[in-house]
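One-letter residues, chain by chain:
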Number of protein chains: 2
Amino acid sequence: MGEISGQLSVDRSEIDHFDSTIDVLVVGFGAAGTAAAIAAREQGASVLALERTGGAGGAAALAEGIIYLGGGTPVQRACGFEDSVENMTAYLMAACGPEPDEAKVVAYAEGSLGHFDWLVGRGIEYDARLDEETQMAPRGTHGLVWSGGENAWPFNQVATPAPRGHLAKTKNATGWLLMQTLAEAALAMGVEAAYDTRAEQLIVDDGSVVGVVAQRYGERTAILARQGVILTSGGFIWNDEMVRRHAPTLLKGTWKVGTEGDDGIGIEMGQAVGARVKNMHVGEVSLPIIPPRNLIQGIIVNGHGQRFINEDTYMGRVGQAALYDQEGSCFLVVDEAAYEPNWMGIGATWVCETAAELEAEMGLAPGALEMTVELYNRHAANGQDPLFHKDQAWVRPLVPPLGAFDLRPGSAPYAPFTLGGLETTVEGKVRSLTGEPIPGLFAAGRTTSGICSFGYASGLSIGDSTMFGRFAGAAAANAQVNA
Amino acid sequence: MGEISGQLSVDRSEIDHFDSTIDVLVVGFGAAGTAAAIAAREQGASVLALERTGGAGGAAALAEGIIYLGGGTPVQRACGFEDSVENMTAYLMAACGPEPDEAKVVAYAEGSLGHFDWLVGRGIEYDARLDEETQMAPRGTHGLVWSGGENAWPFNQVATPAPRGHLAKTKNATGWLLMQTLAEAALAMGVEAAYDTRAEQLIVDDGSVVGVVAQRYGERTAILARQGVILTSGGFIWNDEMVRRHAPTLLKGTWKVGTEGDDGIGIEMGQAVGARVKNMHVGEVSLPIIPPRNLIQGIIVNGHGQRFINEDTYMGRVGQAALYDQEGSCFLVVDEAAYEPNWMGIGATWVCETAAELEAEMGLAPGALEMTVELYNRHAANGQDPLFHKDQAWVRPLVPPLGAFDLRPGSAPYAPFTLGGLETTVEGKVRSLTGEPIPGLFAAGRTTSGICSFGYASGLSIGDSTMFGRFAGAAAANAQVNA
């Protein structure tokens, strides 16, 4: 064995003195980190969480706070939906690909009811009502939303539609409540948290990770982790250079979903000790067009005036398609009956009496939009959308005058975060370049590649962060002492 | 410093005995490897090349053998084309993005004339005639082709069109001749080559790469490299698991461009000693529709009957767009005047009297293709293509009956190879995770991310392999002795 990248890892022989010793050391105290800490503590391990900011929460605390859960949760059942592990698995395998991590998908679906109970057990409450209108956090306290296009083509063909976006009981964004609850639960159990403390190097000893060197107010501190280190320090959307190297398409995004902590340090520390990465090019790209849902009676077109997706699907899929496949060229065309400015106050940039006038105003080629509207209307008159399979509930001919929303990155918020990272087992063990787990090293959350290889539904990131965070915490707590 | 991944790297302290010592050790004896070996030898270094197969050549020996060169080569000038470093740079910055490696692009354009001379100096001859008909190797001995859509939109807007695909003087594929010439030149200069010898581990000593452990007929051999190791062992298209992890879209490809040696071992050996990778999701996807060039009078459409690219561009761009952005959904629709089976014998799967009948036969939605043909013809009647900007030389209304070629992956050859790999400097130094060069480690060719971050032109892979291979060889030969 031999190695080079000394800035991100250090050999134990070079550590003169350990300032503290713990069973399980968690790097980052956000969604994955709090869940991992709780789970490790539940197994009797002493746990220290290092957090570079002044408090717990990470990106999840700033988020909508949706957690993707199914298989027949009490909230789903109270809202009148049937679901099963098999049904949820079928949806996820279709929605999270291409080539989703099947072992994680299956574990996630199988673990979903248990994860719901675990969240409730930590203090999360749910208002068992569905908000049909949004794919994000409701204005009210509703606990359930359609957050992944489950009731839209093609997913309604492969699984029985069921909403699975679960939100803790509070109005608007719920991530802060989720994280407050989890962090308080962790601390109440005896998890120690060191804030303003930045992990900088993994300490390795004869092939195992045995601790971390961190900085706190300019002082270096070396911490020995007897059973394992769990990397839960987020993704890399805040690191432009890493994004340019791995996922340059995301540079076209206009908002970064995350915190400054999402600079990829956890991923790179893992790589410095020989960890494998996966799907580093992938990002979810939120494009929050709706509510109101009525807008999806319109058509979404690219810069050639062509439709490219069924408008009733999850808006994150629209955002990914627009940014990855359509060069960020995206417009929403509606008629008067469907028109109103959306929840962000974005309204029609252009309004014209005919499609021909509208395409001219928009700078599209003559006939491009006109033909698209003509073809759409021809089928819509029969309540059909044979090209993109929008549900007939939203399909009717568009009647001029027509308005167009400018949904290009300069005008609308494209909000990406990264989905690629370290490759882990279901238990959260980090795989080396040759595939075997690296002793003493665990990871979860956006530091890892989770269940999504590309496709996404709202709630899957905090969902897999917390569930696989728990699994990683338990695995680390039950790992052999190696330090 | 500490490390883990012992299977791909080994500490010098664990090597009992070195079986041989050399100044510069080259891993892989293909396009990049032969160029690197020659350049290192030219600088006076002793050079040993390890090749896992029984002979020199690698993937390049099986390839068309185009090398992308410009700036006013003798072949370009003899064929009547003006070009300059600035013009070539402008094209490459537009064609190799998004976010191409500008330092490499500039160095490549600036080095292009010198590289032409270097190739001639090694024994490559050129027949200074242009073959207009193909973007690949001509049937004749022609030395020049349009290989990157330079004379098509949008590149004809950003640079003066000039063909830059150079081919050694022989009929059909020329890669074998190129590689035979370079390998013979290397051996004649005193480069040693060890065939049937598989590099398996990099040897590191106090932060530097100092050699390689290799296997030959089951025997391990440790080789000390006094000045450096150059990894030139190809990409990873032949490693399905790596492709699944990093570039799952390419799994839809039907041919693999490369050899079994393109299993990513060079990339992973680099990573094992802390190297950074870049653009691992990217692959060139050849879709060799033409010749005959007349076929581009037709229109290329996706499964929604929509056009998505100008048909007169480089077919590799069509292949990338079809596979990455259109889910492999791709058809070529032509009329009788443009029709003939292509060079591969692929003909129309469906022929119908009208577009409406044709779309029905193809399984497209009613009106989808009909509208597209109608819109295309409306503008084509004026010699225009305002949607996709096909050059007016190829634009005329399509006259039924119409035929459609099935160009989906099941029916047409999608031939990908990987473009992602280790991040290197222009000189071929391999960057660590934190950006600084790793002492003693160099790389070139498809083991690295070259000048293309996504977009590609034929000849850029062997082009950057040989040019940056030369640079890496020279840099290694001039490196400080560290072993």
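Residues numbered from 1 in each chain as written. Chains lettered and ligands numbered in written order. Predicted model: local features only at pLDDT ≥ 70, side-chain atom pairs only at ≥ 80, totals over all residues.

**Some details on the environment of Arg41 of chain A**
All names here are of chain A. Tracing the chain through its elements places Arg41 in helix H1 (residues 31-42). Considering only alpha carbons, one finds Arg41 and Val191, 150 residues apart in sequence, at a separation of 6.8 Å. Not counting chain neighbours up to four residues away, the residues in contact with Arg41 comprise Val47, Ala186, Met189, Gly190 and Val191. (Helix = DSSP H or I, 4+ residues; strand = E, 2+ residues; numbered from the N terminus. Contact = placed C-beta atoms within 7 Å.)

**Focus on the nonpolar core**
Formed by 336 residues in total, the largest nonpolar core has its most connected members in Val212 and Ile230 of chain A together with Val212 and Ile230 of chain B. Setting aside residues up to four positions removed in sequence, Val212 of chain B forms contacts with Leu25, Val27, Leu50, Ala199, Gln201, Leu202, Ile203, Ile223, Ala225 and Val229 of chain B. (Core = buried A, V, L, I, M, F, W, Y, C linked by C-beta atoms within 7 Å. Buried ≥ 20, exposed ≤ 12 C-beta atoms within 10 Å, placed from the backbone.)

**With respect to the interface of chain A and chain B**
The interface of chain A with chain B comprises 49 residues on the first partner and 48 residues on the second. Among the secondary structure elements, those contributing two or more residues to the side of chain A that touches chain B are strand E1 (9-11), strand E9 (197-205), helix H7 (240-246), helix H8 (265-272) and helix H11 (368-380) of chain A. The residue inventory of the side of chain A that touches chain B, partitioned by class, reads 21 nonpolar, 17 polar and 11 charged. (Nonpolar A, V, L, I, M, F, W, Y, C, P; charged D, E, K, R; others polar.)

**With respect to the domain arrangement of chain A**
All names here are of chain A. Segmenting chain A into domains produces domain 1 (9-62 + 176-284 + 415-477), domain 2 (67-172) and domain 3 (289-406). Each of domain 2 and domain 3 has a C-alpha centre, and these two points are 28 Å apart. On the side of domain 3, 12 residues touch domain 2, which itself brings eight residues to the contact. Its residues placed into classes, the side of domain 2 that touches domain 3 shows two nonpolar, five polar and one charged. (Domains from an automatic or database assignment.)

**Things to note about unusual backbone geometry**
In this model, Gly97 of chain B is joined to Pro98 of chain B through a cis peptide bond whose omega is 10°. Position of Pro98 of chain B among the secondary structure elements: in the loop between helix H3 (85-95) and helix H4 (102-122). Positioned with a positive phi, Asp196 of chain A is a non-glycine residue whose angle comes to about 50°. Here Asp196 of chain A shows up in the loop between strand E8 (192-194) and E9. Residue Asp196 of chain A is classed as partly exposed on the basis of its 13 C-beta neighbours within 10 Å. Phi is positive for Asn279 of chain A, close to 55°, though the residue is something other than glycine. Residue placement: Asn279 of chain A occurs in the loop between strand E12 (277-278) and strand E13 (283-286).

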